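The lines below spell out each chain.
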Amino acid sequence: MATMDPRTEIREFLSSRRARIAPEQAGLPAYGGNHRRVKGLRREEVALLAGVSVDYYVRMERGSLAGASDGVLDALASALQLDEAERDHLFHLARQSRAPRSPRRRRPAVAVRSTLQQVLDAISDAPAWIGNGRYDVLAMNQLARALYSPVLADSRRPANTARFVYLKPEAARDFFVDYDQVAGAVAAKLRMAAGRNPHDEELIALVGELSTCSELFRQRWASQDVRLHRSGRKRMHHPIVGQLDLDVESMELPAEPGLHLNVYTAPAGTPTADNLALLASWAATQQTLATELEAHNG
């Protein structure tokens, strides 16, 4: 994949969202019944629901959102019953459509500030790490390194959880209890990042690599689904301590656009809290052994 063309992205996104809505879901009579030639809504039905002419909607679905006002985009989002992430994605695609064409650009490698690493290290009872929209793991505390040891087994740096999920599927299925759900979320969040930064050379390269090497990724990418980075629950099976049902808080860092702080916790007194404490003890032991080994070799 050499580039991401905004017109193609717009066309495929709008047509995929239109195809999933049956006329009765939109409050329209289903003329033609089982003999309708298109899946979901027809273009003229979307135009009717959005309050625009058929010709105008056809132009939009062909990839031209450059002249669409925010009001028109809002109406289109309502007509297609877009959720918050999909609406966000539509507006980002429209901004890219309006922007002058620019060459691909390699985003500079992000060096996480030392004070942010201090923040991570100060979080001693919970795994915490900082990543970007490409799923690069940029900084971690000791407990996160222990938790993500299966991901870090690959020597490539920065470690990348998208590569782990799709290029090491057997290890990833062992690690993530809800592997299929995780795989869908990873592809959807990468699609969201691509809508925001279609000229990000490293993101383009990552999507190309995953598309080349993983049939599952190709399927998930083609679905056009998008998701925001949000809080939630993640279930893991760690090779040392077993099952961990973790609450995840994902927070944007306003001073570092594009970066997220992810913190994993568990309610006190639960088996997961006990297993996290066990994992912290194991991680401290590993750190002590590494320090002693370095001292001996020195």
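Residues numbered from 1 in each chain as written. Predicted model: local features only at pLDDT ≥ 70, side-chain atom pairs only at ≥ 80, totals over all residues. Heavy atoms only, no water.

K.L.:
Help me get a handle on the packing of helix α4 (residues 70-79) against helix α5 (residues 84-98), residues and values and all.
P.N.:
Packed helices, taken two at a time, are described by their axes: the angle between them and the distance between them. Axis separation between α4 and α5 bottoms out at 10 Å; the angle between their running directions is 140°. On the basis of the axis angle, α4 is oblique to α5. Read as a crossing pair, α4 and α5 show a hand that is right-handed. Residues Asp70, Leu73, Asp74, Leu76 and Ala77 of α4 lie in contact with α5, whose contacting residues are Arg87, Leu90, Phe91, Ala94 and Arg98. Among the residues forming the contact of α4 with α5, the class breakdown is six nonpolar, no polar and four charged. (Axes fitted to C-alpha atoms, helices over the stretch in contact; angles between N-to-C directions. Helix = DSSP H or I, 4+ residues; strand = E, 2+ residues; numbered from the N terminus. Parallel < 35°, antiparallel > 145°, perpendicular 65-115°, else oblique. Left-handed = near helix turned anticlockwise from the far one by under 90°. Contact = heavy atoms within 4.5 Å. Nonpolar A, V, L, I, M, F, W, Y, C, P; charged D, E, K, R; others polar.)

K.L.:
Can you explain empty space enclosed by the protein? Please cite residues and give values.
P.N.:
As enumerated under the stated definition, the model contains one cavity of 30 Å³ or more in all. Taken as a whole, the largest cavity holds about 60 Å³ of empty space. If you go around the largest cavity, the residues you meet are Met4, Pro6, Glu9, His89, Leu93, Gln96, Ala194, Gly195 and Pro198. Of all the elements in the fold, those that place two or more residues in the lining of the largest cavity are α1 (6-19), α5 and α11 (179-196). Top contributing element to the lining of the largest cavity by residue count: α5, with three residues. For the lining of the largest cavity, the class distribution of residues is five nonpolar, three polar and one charged. (1 Å grid on protein atoms, 1.4 Å probe; cavity = no way out; pocket = protein on both sides within 12 Å on 5 of 7 lines; lining within 4 Å. Points joined across faces, edges and corners; volume = space filled by probe spheres on them.)

K.L.:
Could you give me a rundown of the pairing of strand β3 (residues 232-238), with the residues and numbers involved?
P.N.:
Pairing of β3 with strand β4 (residues 242-252) involves seven bridges; the strand directions are antiparallel. From the neighbouring strand, glycine 232 faces β4, where its bridge partner is valine 248. (Pairing = 2+ DSSP bridges.)

K.L.:
Break down the side chain of arginine 17 for me, citing the residues and quoting the values.
P.N.:
Along the chain, arginine 17 turns up in helix α1. Take arginine 17: its relative accessible area is 3%, and that puts it in the buried class. At a separation of 3.1 Å, a polar atom in the side chain of arginine 17 contacts the side chain of serine 16. The residues touching arginine 17, leaving out its near neighbours within four places in the chain, are Leu80, Leu82, Glu86, Ser223, Gln224 and Asp225. (Buried < 20%, exposed > 50% of the residue type's maximum accessible area, 1.4 Å probe, protein only. Polar contact = N/O pair within 3.5 Å; in protein donor to acceptor, adjacent residues only side chain to side chain.)

K.L.:
Quick rundown of unusual backbone geometry? Include the residues and the values.
P.N.:
Omega for the bond connecting arginine 157 with proline 158 falls within 30 degrees of zero, at 0°, which places this linkage in the cis form. When you line up the elements, proline 158 lands in the loop between α8 (149-152) and α9 (161-167). Phi is positive for glutamine 81, which is not a glycine, with a value near 55°. Mapped onto the fold, glutamine 81 is located in the loop between α4 and α5. With a relative accessible area of 39%, glutamine 81 lands in the partly exposed category. Positive phi, close to 65°, is recorded for glutamine 224, a residue that is not glycine.

K.L.:
Tell me about the environment of glycine 71, and please be specific about residues and values.
P.N.:
Mapped onto the elements of the fold, glycine 71 is located in helix α4. Under the relative-accessibility criterion, glycine 71 is labelled partly exposed at 48%. Separated by 21 residues in sequence, glycine 71 and alanine 50 place their C-alpha atoms 10.0 Å apart.

K.L.:
Give me α5: which residues, what numbers.
P.N.:
End to end, α5 covers 21 Å across 15 residues, agreeing with the expected 21 Å (1.5 Å per residue, within 8%). Taken together, the buried positions of α5 are Ala85, Glu86, His89, Leu90, Phe91, His92, Leu93, Ala94 and Gln96. Close packing links the buried residues of α5 with α1, α4 and α11. For α5, the N-terminal capping position is held by aspartate 83, with its side-chain oxygen 3.2 Å away from the main-chain nitrogen of alanine 85. (Expected span 1.5 Å × (residues − 1).)

K.L.:
Describe the packing of helix α2 (residues 43-50) against α4, and please don't skip the residues or the numbers.
P.N.:
Relative orientation of the contacting elements α2 and α4 amounts to 120°, with a least axis distance of 8 Å. Here α2 is positioned oblique relative to α4, judged by the angle of their axes. With respect to the hand of their crossing, α2 and α4 are arranged in right-handed fashion. Facing α2, whose interface residues are Val46, Leu49 and Ala50, α4 presents Ala75, Leu76 and Ala79. Of the residues belonging to the contact of α2 with α4, the class tally is six nonpolar, no polar and no charged.

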